[in-house]
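# Commentary on secondary and tertiary structure
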Amino acid sequence: MHRILRLSFFLMGLLVAAGSHAADAQKPTLTTEDSLGPQVTQPIEFPHYRHAGLRNPNDPTNSDPNKGGMEIDCQYCHTYARRSAVAGIPPLQKCIGCHQNIESVRQKPRIVELFKYWDAKKAVPWKKVHDLPDFVRFNHERHIKRFIEQQNRPTQEACGYCHGDVKEMTVARRSKPLTMGWCASCHQKEHPVTGEGGAPIGNQAYWYKFQKPAADKSGGEIKAQGPNDCWHCHK
Amino acid sequence: MSVGTLLENWSEFRHFHPVDDKPHDPYKWAMSIDLDTCTGCNACSVACYAENNIPVVGKEKFQHGQQMHWMRIERYWSEDDREFPDQGAQFLPMMCQQCEAAPCETVCPVGATNHTADGLNSQIYNRCIGSRYCSANCPFKVRYFNWYDYPTVDNVWPAEMTRQLNPDVSVRGKGVMEKCTFCVQRLRAVEVTAKSEGRIVREGEVQTACQQACPSSAISFGNLVDPESRVHKQWAAQQVVLEADEQEKNKEHGTSELRGYRILEELRPYPSVMYLEQVRESAV
């Protein structure tokens, strides 16, 4: 009797394990309509597409605000991302620094609104769009260094991994789930940490496991996963 | 983390250290505490409360054994027959020993406590279900359980006091286990800076809160792998080896003149904290 019981427990265990594996196999698509964040109403409707969007080749003067952007680098305004854990919100001075010299749009309603804040000496109360739970330790600087500075990925691509295609947006909206499973789905990928011949990218090779990962026999390239110990991200 | 990954890497999560083929590189955080300079002033304990958002539970709950002091000062009296001032008090700051083969890790039913690559014994509050098995299995009894929802129910931090809470440390809710983290928030901050600058963390770049507060500098903390670190030098001078369950120096003559020892070493948890104390006549 005991044996049968034990066996059935074992089989149950197997079934559960197999079930969880099967659930694993069909991963949800990462960006679904459901995972879109709420539509945030900002104090000024900031046109990201106009600032960061691609230039319109048919409009060399770039004069039509409804078409084409300025191709301004994300890091021009979001300057803290590359040197601190939080990206921060650009100060009002940053906006005014350019806009006091752009007479052509000075009378547009959004810019008039902007200068009202400036004259009142008040910061624009922007609302947070990408908000992580308080128990998460996320570092912008590491991701920027890793992908933009060391692997020479374009800024918009690297930022877009988590922020989506902001250059197409007016007010930014969360377009990735920003859940732990989603973060881990990228940290589980094998990213190259060395280039051809085993030279570390940016004079640094990274691995977060207990052992240096073995070099790929063919290319001499070493690949490793991102940090995967719980305490890297959990406070 | 998916169940698949968890199972695939099970041996690594449940890996106990140290083993020859997997040395710590580049970090192994360790501590040494000089009990001969410790005065038992409790500054380390207070600093720990402030740094790590530890609730002050009050007298009554303390008497019920529900205190949360991650760092506690244990008192020992060497002259029991004498009156108080001459009793020969000895103090021992006790906190999580960040064992390399931690007994708490193996018994957690949900894998909420794990070993990290830099030699810490992690505790993930989100994953913890409060079985308290880890605490039961901890030989040092340094794990503390949240019996109440301290931040909201118990008013341990009255209105303005919430502003002194450390934003880099979670405020724990009811039903999770917690313990000393070796101030992991500080470690992660310097590790990130160092990594961005293409180097490893230098000696003296990071201090734990208790170390920072200690008026007699009894506590030193650092990277045991780094031969320049004070901790490495102290461990080497005291001939205390991390991966030994009985130190070589004690094997031949029974006891050594050297002061370094680790608590409950013979149980083979391979603790990361070394204590230094001259053996007194009265203790023998």
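All values reported here derive from a predicted model rather than from experimental measurement. (Residues numbered from 1 in each chain as written. Chains lettered and ligands numbered in written order. Predicted model: local features only at pLDDT ≥ 70, side-chain atom pairs only at ≥ 80, totals over all residues. Heavy atoms only, no water.)

### What to know about the overall build of chain B
From N to C terminus, chain B includes eleven helices and ten strands. The buried share of chain B, taken over its 284 residues, is 54%. Counting only contacts in chain B whose residues sit at least 6 apart along the sequence, the fraction spanning at least 24 positions is 64%. Here chain B displays about 13600 Å² of accessible surface, and carbon together with sulfur accounts for 51% of that area. (Helix = DSSP H or I, 4+ residues; strand = E, 2+ residues; numbered from the N terminus. Buried < 20%, exposed > 50% of the residue type's maximum accessible area, 1.4 Å probe, protein only. Contact = heavy atoms within 4.5 Å. Areas by Shrake-Rupley, 256 points an atom, 1.4 Å probe, with all protein chains shown as cover.)

### Thoughts on the environment of Thr181 of chain B
Structurally, Thr181 of chain B is set in the loop between strand S7 (177-178) and helix H8 (184-196). Along the backbone, Thr181 of chain B and Asn121 of chain B are 60 residues apart, and their C-alpha atoms lie at a distance of 7.5 Å. The residues contacting Thr181 of chain B, other than those within four sequence positions of it, are Trp231 of chain A together with Asn52, Trp70, Gln98, Leu120 and Tyr125 of chain B. There is a polar contact of 3.2 Å between the side chain of Thr181 of chain B and the backbone nitrogen of Cys183 of chain B. Reaching out from Thr181 of chain B, the side chain makes a polar contact with the backbone nitrogen of Val184 of chain B at a distance of 3.3 Å. (Polar contact = N/O pair within 3.5 Å; in protein donor to acceptor, adjacent residues only side chain to side chain.)

### So, helix H10 (residues 230-237) of chain B
Counting along an α-helix, one turn takes 3.6 residues, and residues three or four places apart therefore face a common direction. Residues and elements named next belong to chain B. Those residues of H10 that sit buried are Val231, Gln234 and Trp235. Viewed along the axis of H10, the buried residues span an arc of 95°, placing them on a single side of the element. Tucked into the core, H10 has its buried residues touching strand S1 (29-34), strand S8 (219-223) and strand S10 (273-276). One or two residues past the end of H10 sits Gln239, with phi positive at roughly 55°. (Arc of directions from axis to C-beta.)

### Comments concerning the environment of Asp229 of chain A
Within the fold, Asp229 of chain A resides in the loop between strand S2 (223-224) and helix H9 (230-233). Contact partners of Asp229 of chain A, with chain neighbours within four places excluded, come to Thr116, Ala117 and Arg188 of chain B.

### A closer look at the nonpolar core
Membership of the largest hydrophobic core comes to 54 residues, with the highest contact counts inside it found for Trp29, Met31, Ile33, Met95, Phe182 and Tyr275 of chain B. Elements represented by at least two residues in this core include exactly H9 of chain A together with S1, helix H3 (43-51), strand S3 (89-94), strand S6 (144-145), H8, S8 and S10 of chain B. Top element by residues in this core is H8 of chain B. It accounts for four residues. Beyond its immediate stretch of four places on either side in the chain, Trp29 of chain B contacts Asp118, Gly119, Leu120, Phe182, Leu187, Glu191, Val201, Val206, Phe221, Gly222, Asn223 and Ser272 of chain B. One finds Leu92, Cys95, Leu114 and Val124 of chain A within the second-largest nonpolar core, a separate group that totals nine residues. (Core = buried A, V, L, I, M, F, W, Y, C linked by side-chain atoms within 4.5 Å.)

### Considering the sheet that holds S1 of chain B
Residue and element names in this part refer to chain B. On the basis of which strands lie adjacent, the open sheet formed by four strands has the order S8-S1-S10-S9 and mixed pairing. Sheet topology places S8 and strand S9 (260-261) at the edges, where each strand pairs with a single neighbour. Bridge count between S1 and S10: four bridges; the pairing is parallel. Looking at the pairing, Asp34 lines up with Leu276 of S10. Its contacts with the sheet put H10 on S1, S8 and S10, and the angle it makes with S1 is roughly 65°. (Pairing = 2+ DSSP bridges. Axes fitted to C-alpha atoms, helices over the stretch in contact; angles between N-to-C directions.)

### Quick look at the packing of helix H6 (residues 140-150) of chain A against helix H7 (residues 155-163) of chain A
Residue and element names in this part refer to chain A. Here H6 crosses H7 at 135°, and the two axes come no closer than 9 Å. As the angle between them shows, H6 and H7 are arranged oblique. In terms of crossing hand, the pair formed by H6 and H7 is right-handed. On H7, the residues touching His140, Phe147 and Ile148 of H6 are Thr155, Ala158, Tyr161 and His163. The class makeup of the residues in the contact of H6 with H7 is four nonpolar, three polar and no charged. (Parallel < 35°, antiparallel > 145°, perpendicular 65-115°, else oblique. Left-handed = near helix turned anticlockwise from the far one by under 90°. Nonpolar A, V, L, I, M, F, W, Y, C, P; charged D, E, K, R; others polar.)

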